[in-house]
Amino acid sequence: MNKFKWKNPLHICILLVLSFCIIFNFSTPKINYEVNKVNTKEKVIMITFDDGPSLADETILDILKENNAKATFFGTGINYEKYWKDEKVKAITDRMVNEGHTLGNHSYYHNKYQFKTKSAYDEFYKTSDMIVKIYAENNIPKTISDVPIRMPFLQYYRGMDYLQSKMQVEYFVRGYLGCDYDEAICGKEKILKQYKSNIRPGQILVCHTRDYAKEWLPDLLKHLNEKNYKTVNFTNGDQDYRNYGGLIF
Ligand SMILES: [Zn+2]
């Protein structure tokens, strides 16, 4: 009789595959509620800056303007709150809105939110509510569900679907993360190399509001221009990502 032996490589393989499927099923969300690119074959790219708004955004805005580029700024609630307390932050944030960029929500405290369902919702709601008010100050009507959201640390955990449905957003926005947030270790050349080698139609680049952006951002935008890439964001108009089929996972 042919005795069943776990030493058989085929059986071990089957066991490994089954184990992987079980672990994968329990560790990942059931629906695709994160998007990683714009749904297009056209040469469009989405540039995003996390962690502002802050004074460093002024230089970023100047560089974007010089290169006729549009971006999305995923700011935190603690920083958006300065809009009502700090004239410079107010002026910079108003400039973002009036120069056709998009304001996004990057949480209030920039925490990790797994197992913190209630506080996550409170934080994200409070931040989107501030963003809607900032748009209103600039006579642009928006609702909470219009505000794009990016999770801090690009975290992705089971349970984010609750936050998604409560916030009434279609998705969370991911993208390609380089090392621009760690400029001391990464440096200009590596930052540029990472972003340039990841340019493709519909790509979303995750960048950060930092003074160091002035070192690499002009080169990146010139490179995009040479390659005939246009920048798109979430603001209605010609540059709107929706013209390119929306976002897909
Ligand atoms: Zn961040």
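Residues numbered from 1 in each chain as written. Predicted model: local features only at pLDDT ≥ 70, side-chain atom pairs only at ≥ 80, totals over all residues.

Looking up the chain in an unreviewed UniProt entry gives the name Putative chitin deacetylase, with the organism given as Spiroplasma cantharicola.

Enquirer: Mind showing me how you'd approach the packing of helix H7 (residues 183-197) against helix H8 (residues 213-226) here?
Expert: Packed helix pairs are specified by the crossing angle of their axes together with the interaxial distance, meaning the distance between the axes. Axis separation between H7 and H8 bottoms out at 10 Å; the angle between their running directions is 30°. Classified by the interaxial angle, the pair formed by H7 and H8 is roughly parallel. Between H7 and H8 the crossing geometry is right-handed. Mapping the contact onto sequence places Lys-188, Ile-191, Leu-192, Tyr-195 and Lys-196 in H7 and Glu-215, Trp-216, Asp-219, Leu-220 and His-223 in H8. (Axes fitted to C-alpha atoms, helices over the stretch in contact; angles between N-to-C directions. Helix = DSSP H or I, 4+ residues; strand = E, 2+ residues; numbered from the N terminus. Parallel < 35°, antiparallel > 145°, perpendicular 65-115°, else oblique. Left-handed = near helix turned anticlockwise from the far one by under 90°. Contact = placed C-beta atoms within 7 Å.)

Enquirer: Explanation requested: helix H5 (residues 117-137) in the structure shown.
Expert: Residues lying three or four places apart along an α-helix face the same way, a consequence of the helix completing one turn every 3.6 residues. Taking 1.5 Å as the rise per residue, H5 with 21 residues should run 30 Å; its terminal C-alpha atoms sit 30 Å apart, in good agreement. Where H5 is buried, its residues contact helix H3 (77-80), helix H4 (87-98), strand S5 (102-105) and helix H6 (160-167). With its phi angle positive at about 60°, Asn-139 sits one or two positions after the end of H5. (Expected span 1.5 Å × (residues − 1).)

Enquirer: What's the story with the pairing of strand S4 (residues 71-75) in this structure? I'm lost.
Expert: Each regular strand carries side chains that alternate between the two faces of the sheet. Within S4, five of the five residues are buried, which leaves the element mostly enclosed by the surrounding structure. Side-chain alternation along S4 places Ala-71, Phe-73 and Gly-75 on one buried face and Thr-72 and Phe-74 on a second face that is also buried. Examined bridge by bridge, strand S3 (residues 44-50) and S4 share four bridges and lie parallel to one another. Each bridged residue has a counterpart across the sheet, and for Ile-47 the counterpart in S4 is Ala-71. For the handedness criterion, the β-α-β arrangement of S3, helix H2 (residues 56-66) and S4 is classed as right-handed. (Buried ≥ 20, exposed ≤ 12 C-beta atoms within 10 Å, placed from the backbone. Pairing = 2+ DSSP bridges. Right-handed = clockwise from strand over helix to strand, strands pointing away.)

Enquirer: What's the story with the environment of Asp-122 in this structure? I'm lost.
Expert: Tracing the backbone through its elements, the reader meets Asp-122 in helix H5. Residue classification places Asp-122 among the exposed residues on the basis of 12 C-beta atoms within 10 Å. Between the C-alpha atoms of Asp-122 and Met-167, which are 45 residues apart in sequence, the distance is 9.9 Å.

Enquirer: Any chance you could explain the nonpolar core here in plain terms?
Expert: Judged by nonpolar contacts, the single largest core of 48 residues is most densely connected at Met-46, Ile-47, Ile-134, Leu-205 and Tyr-241. Those residues within four positions of Met-46 in sequence are excluded, and the remaining contacts are Val-38, Thr-72, Ile-204, Leu-205, Val-232, Asn-233 and Tyr-241. (Core = buried A, V, L, I, M, F, W, Y, C linked by C-beta atoms within 7 Å.)

Enquirer: Just to check I follow, could you spell out the UniProt feature "domain: NodB homology" (unreviewed entry) in the chain for this structure?
Expert: Here the UniProt-annotated "domain: NodB homology" (unreviewed entry) positions come out as residues 43-232. Split by type, residues 43-232 is 45% helix and 14% strand. Its first and last C-alpha atoms lie 10 Å apart. (UniProt positions renumbered as here; feature names shortened; annotations may be inferred.)

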